[in-house]
Amino acid sequence: MNVIARIDSIVPFGSGLCREYEAPVSASEKLTMTLGKVPYTSGIVPEQRVQLPGYDSGVLCLLIGVFLLLAFNVRHYSIFLKNFSYDLWSVRRTEDSFGVRTVSETGIQMSIVLLTSICQGIIINAALNSSGFTTQLPVFPEIAAIAVCALLFYFWQLAAYRMVGYVFIDRFSARQWIKGFNASQALLGISLTVPALVVLFNPEEASIMVVIGVVCYLVARLIFIFKGFRLFYENFGSLIYFILYLCSLEIVPLVLIFRCIRHFSHLQP
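Residues numbered from 1 in each chain as written. Predicted model: local features only at pLDDT ≥ 70, side-chain atom pairs only at ≥ 80, totals over all residues. Heavy atoms only, no water.

(A) View of the overall build of the protein chain. When its secondary structure is counted, the protein chain shows nine helices and zero strands. Secondary structure elements of the protein chain occur, N-terminal to C-terminal, as α-α-α-α-α-α-α-α-α. For the protein chain, with 269 residues in total, the buried portion stands at 36%. (Helix = DSSP H or I, 4+ residues; strand = E, 2+ residues; numbered from the N terminus. Buried < 20%, exposed > 50% of the residue type's maximum accessible area, 1.4 Å probe, protein only.)

Structure below.
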């Protein structure tokens, strides 16, 4: 009897707990209910991973190809470097041993011009992306298109300088001027290599690298313009011709390129 009485006195587990229908609710809560999938059960939506430009196989193939061309001509760099400082600064009016050029030096020059164009394409692409101007193209076509434009701009400048030198100065001074232009392009390509590589693998440093790239470009152009002034200047009349050259070949093309970029950026949806 005691056992039976003790069993009857046991309170069932959970009998004193509040049931869901017994919980106090407000009038607004009675009208709300969740239908379908509960949001928090789906977890956090992952963000799309941004691929670094340096991981693009096309861009890497361009850089590796140019570096292989440079490495192929490495045995001729002693002659190239000897003539490099002469072409960059000297305006001597007499022919000397430095005036002799070989096919190997031409190969080195073209390799460096390709390197300069690719580095310009990388840095300009980074500058456009950091300023908010983007296209639907992948990284490689954008950089390749800008590099081709930079290469075409180089050949246009080369033809324009040859024409101006043929018209306004003597043959030997014109040759020195063209060599100075090629040497300044080589200096620019060498200077832009490190900023371009940094931008490829660290896009967040684009603003700093773009500023460095602009400074390198301005320094290379000023060196070339200074050599041109030393070759052109003879009297006040030649100074007027030199100012006209600066406006037509150094200032106007850059202004037109800048206006074209601004025009396309305004057309961007």
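(B) Structural view of the packing of helix α3 (residues 57–72) against helix α6 (residues 139–168). As a packed pair, α3 and α6 sit with axes 7 Å apart at the nearest point and diverge in direction by 40°. Considered as vectors, α3 and α6 are oriented oblique to each other. Mapping the contact onto sequence places Gly58, Val59 and Leu62 in α3 and Val139, Phe140 and Ile143 in α6. (Axes fitted to C-alpha atoms, helices over the stretch in contact; angles between N-to-C directions. Parallel < 35°, antiparallel > 145°, perpendicular 65-115°, else oblique. Contact = heavy atoms within 4.5 Å.)

(C) Broad picture of α3. Look at α3: 22 Å from first C-alpha to last across 16 residues, which is about the 22 Å you get at 1.5 Å a residue. All of the buried residues in α3 are Gly58, Val59, Leu63, Val66 and Leu70. Taken end-on, α3 shows its buried residues confined to a sector of 140°, consistent with a single buried face. Seen from the buried face of α3, the exposed residues on the opposite side, beyond 90 degrees, are Ser57, Cys61, Leu68 and Phe72. By the N-cap criterion, in which a side-chain oxygen at the helix start approaches the backbone nitrogen of a residue two or three places on, α3 is capped by Asp56, the distance to Gly58 being 2.9 Å. (Expected span 1.5 Å × (residues − 1). Arc of directions from axis to C-beta. Polar contact = N/O pair within 3.5 Å; in protein donor to acceptor, adjacent residues only side chain to side chain.)

(D) Quick look at the environment of Ile123. Counting through the fold element by element, Ile123 comes out in helix α5 (residues 103–130). As a C-alpha pair, Ile123 and Val211 span 88 residues in sequence and 9.7 Å in three-dimensional space. The contacts of Ile123, once residues within four sequence positions are left out, are Leu192, Pro195, Ala196, Val210 and Gly213.

(E) Structural context of the packing of aromatic side chains. Within this structure, the stated rule accounts for nine aromatic pairs. Geometrically, the ring pair formed by Tyr55 and Phe201 is edge-to-face, given 6.2 Å between the ring centres and 65° between the ring planes. Within this pair, whereas Tyr55 is found in the loop between α2 (27–31) and α3, its partner Phe201 is found in helix α7 (residues 171–201), the two being separated by 146 residues in sequence. Clustering of aromatic rings is evident, with ring pairs tying together Tyr154, Phe155, Tyr161, Trp177, Phe181 and Phe224. (Phe/Tyr/Trp six-rings, centres within 6.5 Å; stacked < 30°, edge-to-face > 60°.)

(F) The arrangement of the nonpolar core in detail. If you look at the biggest cluster of nonpolar residues, it comprises 30 residues, and the most contacted ones within it are Leu63, Phe80, Phe84, Ile112, Ile118, Ile122 and Leu192. Secondary-structure elements contributing two or more residues to this core are α3, α4 (77–89), α5, α6, α7 and α8 (206–232). Looking at which element gives the most residues to this core, the answer is α5, with eight residues. With residues up to four places along the chain from it excluded, the contact list for Ile122 reads Leu63, Ile143, Ala196, Val199 and Leu200. In this structure, Trp177, Leu231, Phe232 and Tyr245 belong to the second largest nonpolar core, which totals 18 residues. (Core = buried A, V, L, I, M, F, W, Y, C linked by side-chain atoms within 4.5 Å.)

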